[in-house]
Every structure is written in C-alpha cells, then in structure tokens.
Amino acid sequence: MHCPGWLDKPAVKISASLLLAFFLLYRAGLFYLQAFHGFAWDYSINWTAALALREGLSLYDRPALQQLAIAHIDSGMSGLFGGRFTSFIGLPTTAIAHLPFTALAFDTSVWCYRVLSLLAMLAAVVITGLAVPPAHRRRTWLVGVLCLLTWHAVPFSLQLGQVDAWVLLSLATAVFSASRQRWLGCGMAIGLAVLLKISPAWLLFYCLLQQRWRVLAGAALAIGAGLLLALLSQHGRDLLQFFTVILPSLGDSPLHVQNQSLGAWLARLATADVQLLSFAAGVGGWKLVGAAVAGLLLLLLHRRAGKAVSADGLAIAILLALLAGPLTWDHYLLWAIVPVMLCSVQLSGRGLWLLLVLLLPLAWPVPYPPADAVAAHAVWRLATGLQVLSVLLLACWLVWQRRPAGR
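Keep in mind that this is a model prediction, so the values were computed, not measured. (Residues numbered from 1 in each chain as written. Predicted model: local features only at pLDDT ≥ 70, side-chain atom pairs only at ≥ 80, totals over all residues. Heavy atoms only, no water.)

A. Examining the overall build of the chain more closely. Helix and strand content of the chain: 20 helices and zero strands. Computed over its C-alpha atoms, the radius of gyration of the chain comes to 22 Å, within 12% of the 22 Å expected for a compact globule of 407 residues. Judged by the C-alpha coordinates and their principal axes, the chain covers about 80 × 50 × 45 Å. Burial statistics for the chain: of 407 residues in total, 50% are counted as buried. The long-range share in the chain, meaning contacts at least 24 apart out of those at least 6 apart in sequence, stands at 76%. The distance from the centre of the 26 positive side-chain charges to the centre of the 13 negative ones in the chain is 19 Å. (Helix = DSSP H or I, 4+ residues; strand = E, 2+ residues; numbered from the N terminus. Rg over C-alpha atoms; globule rule 2.2 N^0.38 Å. Buried < 20%, exposed > 50% of the residue type's maximum accessible area, 1.4 Å probe, protein only. Contact = heavy atoms within 4.5 Å. Lys, Arg positive; Asp, Glu negative; His and termini not counted. Charge placed at Lys NZ, Arg CZ, Asp CG, Glu CD.)

B. Examining the packing of helix α10 (residues 201-209) against helix α11 (residues 213-230) more closely. Orientation of α10 relative to α11, taken along the N-to-C sense of each, is 145 degrees, at an axis distance of 8 Å. Like other packed secondary-structure pairs, α10 and α11 cross with a definite hand, here left-handed. For the pair formed by α10 and α11, the contact residues are L204, C207 and L208 on the first element and W213, V215, L216, A219 and I223 on the second. The residue makeup of the contact of α10 with α11, split by class, is eight nonpolar, no polar and no charged. (Axes fitted to C-alpha atoms, helices over the stretch in contact; angles between N-to-C directions. Left-handed = near helix turned anticlockwise from the far one by under 90°. Nonpolar A, V, L, I, M, F, W, Y, C, P; charged D, E, K, R; others polar.)

C. Quick peek at a nonpolar patch on the surface. A cluster of nonpolar side chains, namely L269, V379, W380, L382 and L386, defines an oily patch on the protein surface of about 410 Å² accessible area. Among the elements that make up the nonpolar patch, the one with the highest residue count is helix α19 (residues 379-383) (three residues). For L382, a relative accessible area of 40% corresponds to the partly exposed category. (Patch = residues over 30% accessible without salt bridge, like charges linked within 9 Å, V, L, I, M, F, W, Y side chains within 5 Å. Areas by Shrake-Rupley, 256 points an atom, 1.4 Å probe, with all protein chains shown as cover. Salt bridge = Lys/Arg side-chain N within 4 Å of Asp/Glu carboxyl O.)

D. Quick peek at the environment of Q241. Residue placement: Q241 occurs in helix α12 (residues 237-249). On the accessibility criterion, Q241 (26% relative accessible area) is partly exposed. Through-space distance from the C-alpha of Q241 to that of Y60 is 8.0 Å; in sequence the pair is 181 residues apart.

E. Quick look at the packing of aromatic side chains. In total, this model carries 15 aromatic pairs according to the counting rule given. Both rings, one in F39 and one in W41, keep their centres 4.6 Å apart while their planes meet at 65 degrees; by these two values the pair is edge-to-face. Looking at F39, the relative accessible area reads 28%, which means it is partly exposed. By relative accessible area, which is 40% here, W41 ends up partly exposed. Geometrically, the ring pair formed by F39 and F106 is tilted, given 5.8 Å between the ring centres and 35 degrees between the ring planes. With F39 in the loop between α1 (10-35) and α2 (41-55) and F106 in helix α5 (residues 106-129), this residue pair connects regions lying 67 residues apart in the sequence. Accessibility expressed as a relative area gives 6% for F106, which makes it buried. Counting every residue linked through ring pairs, the aromatic cluster contains F39, W41, Y43, W47, F101, F106 and Y113. (Phe/Tyr/Trp six-rings, centres within 6.5 Å; stacked < 30°, edge-to-face > 60°.)

F. Molecular detail of the nonpolar core. In this structure, W151, I190, L314, L323 and I337 are the most contacted members of the largest nonpolar core, which totals 116 residues. Top contributing element to this core by residue count: helix α15 (residues 311-324), with twelve residues. Counting residues in hydrophobic clusters, the runner-up holds eight residues, among them V257, A264, L276 and V366. (Core = buried A, V, L, I, M, F, W, Y, C linked by side-chain atoms within 4.5 Å.)

G. How the structure looks around the environment of P339. Locating P339 in the fold gives a position in helix α16 (residues 337-344). Separated by 265 residues in sequence, P339 and D74 place their C-alpha atoms 40 Å apart.

H. Just helix α6 (residues 137-150), in detail. Taking 1.5 Å of rise per residue, the 14 residues of α6 would be expected to cover 20 Å, and the 20 Å separating its terminal C-alpha atoms lies within 8% of that figure. For α6, the full list of buried residues reads R137, T140, V143, G144, C147, L148, L149 and T150. (Expected span 1.5 Å × (residues − 1).)

I. Examining the packing of helix α9 (residues 183-196) against α11 more closely. For the pair α9 and α11, interaxial distance at closest approach is 6 Å and the crossing angle is 40 degrees. Classified by the angle between their axes, α9 and α11 sit oblique to one another. The two elements α9 and α11 cross, and the hand of that crossing is right-handed. Counting all contacts with α9, which are made through W183, L184, C186, G187, M188, I190, G191, L192, V194 and L195, the residues of α11 involved are R214, V215, A217, G218, A219, L221, A222, I223, G226 and L227. Considered class by class, the residues forming the contact of α9 with α11 number 15 nonpolar, four polar and one charged. (Parallel < 35°, antiparallel > 145°, perpendicular 65-115°, else oblique.)

Purely geometric numbers; function is a separate question.
Here it is as structure tokens:
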C-alpha cells in the first residue's frame, strides 16, 4: 500500500504554490524596475541609425549620426558614436527594422519598443512550448516564464533596447517549424535571426552538415531579401561598407567581461592583463579556440544525431552559437531560453533541480572586478565566465545524450 509522503500532503502543496506565487510576483516587480527604467543606450544607437536612413545619411558616418542624436534625443548623446562599440555596427537591416519607431518621439518610442520586445519574448516562450508534446507543455511554459523572470540577461536586454527579443522569437519559430517538419519556414526564421545577429549562422552550419537543403534554401531566401532591401540604403554603399570595413573591424572581439563567448573567457583566464573592463584589448587567438570547441561539439552532435534534424538539434546549436562568438554580449544569453525549455521535457525530479542549479549563474549579472581585485585574486577571472561555463556544461550534456529517433 502506498503511503503518501509529506510532499504529497495538500497543505504542503498549497504552501509551496503560495510561496511560488509570491516569488513570481516579487520577481515580476523587480523585473519591471530593471527592464523599464534606465536609459536605452543600444536602442538610441539603432534609432538614430534609422533616422539617418530617413535623412539619406550613411549609417556608418559617426560624426553625422552623433549630431543627429544630439538634435533628436539630448546633449548626452555626445558620448556616443566615438568608437567601435558606441556606434552603429549592425547590418542596414537592423536600422530598417527600427524605421517605424522614428515616427514617435524618442522617449515614447523607447517605451513602445520595450513593451513590444517583452511581448515578443513571451510569444517566443509560447511558441517553444508548442514544439513539445501536449503532455509536457505546461511544465515547459513554466520553465520558460521562470527563465524570463530570473535570468539577468532578460531585463538587461530590455533596458538597453536590444534586438535579442526578436532573435529569440525567430529562433523559437525555427524550432517550432522543425518540430512540424516545415523546413522552408524553419530556414526563413533562422535567416531573420542571422540578419539581426550574425551568430545564429551556426544553426545553418548544423543544417549544412545534416544536408537539410530546404532549411538552407529558406534561410537564403530570407537573407537575400533582407540584403536586397538593404541596397535601398545609400544605393548599396552602406552594405558594401559593412562587409569591407565594419565587419573586419569586429574581428578581434574585446576582452571585456561583457563578452561572454568561450574564447573571451579563456582569454581572460590566460592573459596577464588585469584590465578586464577594457574594450580596447582583444582576445587574440583565443577566439579561434572557442570557435574550435563549438565546432567539435557541432560535429559530435551531427554524428550522434545522424541525419535526423530535429527541434532538439537546432536548440543545441543555439548554445553552440553563444559559445562560439567571437562576440557574445552578456544579454545574448537569453537566447538559451529555447534549448533550456526543450531540455526540461527530458528531465524530472532531481534532474530538473540539477538543471536549475546548473543555470543559477544566469540569474546574476557578470561581475565587473577592478584591476586591483583581479591582480590580488585570480578567482575573479574565473568568476567572469561562470555563465559561459553553465552554457558549456549544458551544451556538452545535451550533445552527449542526443540520440536519433531510431537508435
């Protein structure tokens, strides 16, 4: 005869539910304060670039964009557009995507953009949940909401006004399309993510290994359409400048702790430099090491999965894209919500708790140790990559346990 344990008692379940409800309310309030307050630095750059499109200016003319920002936002914009990472360095398609928001005053447009970005994140969670069997959807959605409420990258991205929400939505759509074997739509969704950030191209590398040609065709259609649209800007001069000047200038990614690629963390561990808050110092050859590790994991994923391209395989490739970098800003880590949601389907009990413990570092911001602290205690170097380590361990575990459907 089964004797229910104390965990099965109604009073315990009710108490646990109330505690969870209070915790979620607390996190929701804290989330609002973090996400909807503070200046949207990255959005201001993209918004100004969209204004430049309307004015017929080059997206990469830093002095012109600086004057435009000062005139339409405020004098505080004089500190922007002076270097690589304080200027517009995206594809023209990113500026085109921000064009509708230039019809509004800057402050109003920031609020609208943040709300729409939050809705896009919630939509991504819903769509990812639809990619799993119905019996697992409630738990998968709960995991997704917990990630949104607890991971630091989520409100930080909203505060900055970044495009991560739209990347997340595109990746979720790709995974959902793969679960329904809608390969052309899957490829188009990946292509949209690539147009916003280059890193999701790792999903295309995986599809190339798997010889999933319809996915690659869909991605080519989306990317091709985006680049053709970008030709309208400055008659293609901006697009040419991006590939010949801007992209090569980003080759040596910064050592700064905000760079959460595997190569950047390895560089911080190996370098004698104690200035880990520098955007000037690069990671050097370590970016190749990080990419090589991600590449080896991608090959292992391909071998263990055979030719069974699936939603799970694409989700693992998202983690590998974050590891490979070479430039993975800390707010990019919210893309990992998709693979974590899918991973939760395979776990129960202790396994699910172990997953949550493994991902605990994602709940806190990356530490910003001053040079004297780094010089005195090497542990600070390790601490700047705990989030990378979480993603790496999760990726290794998911690749190792991956099996094709018939094996």
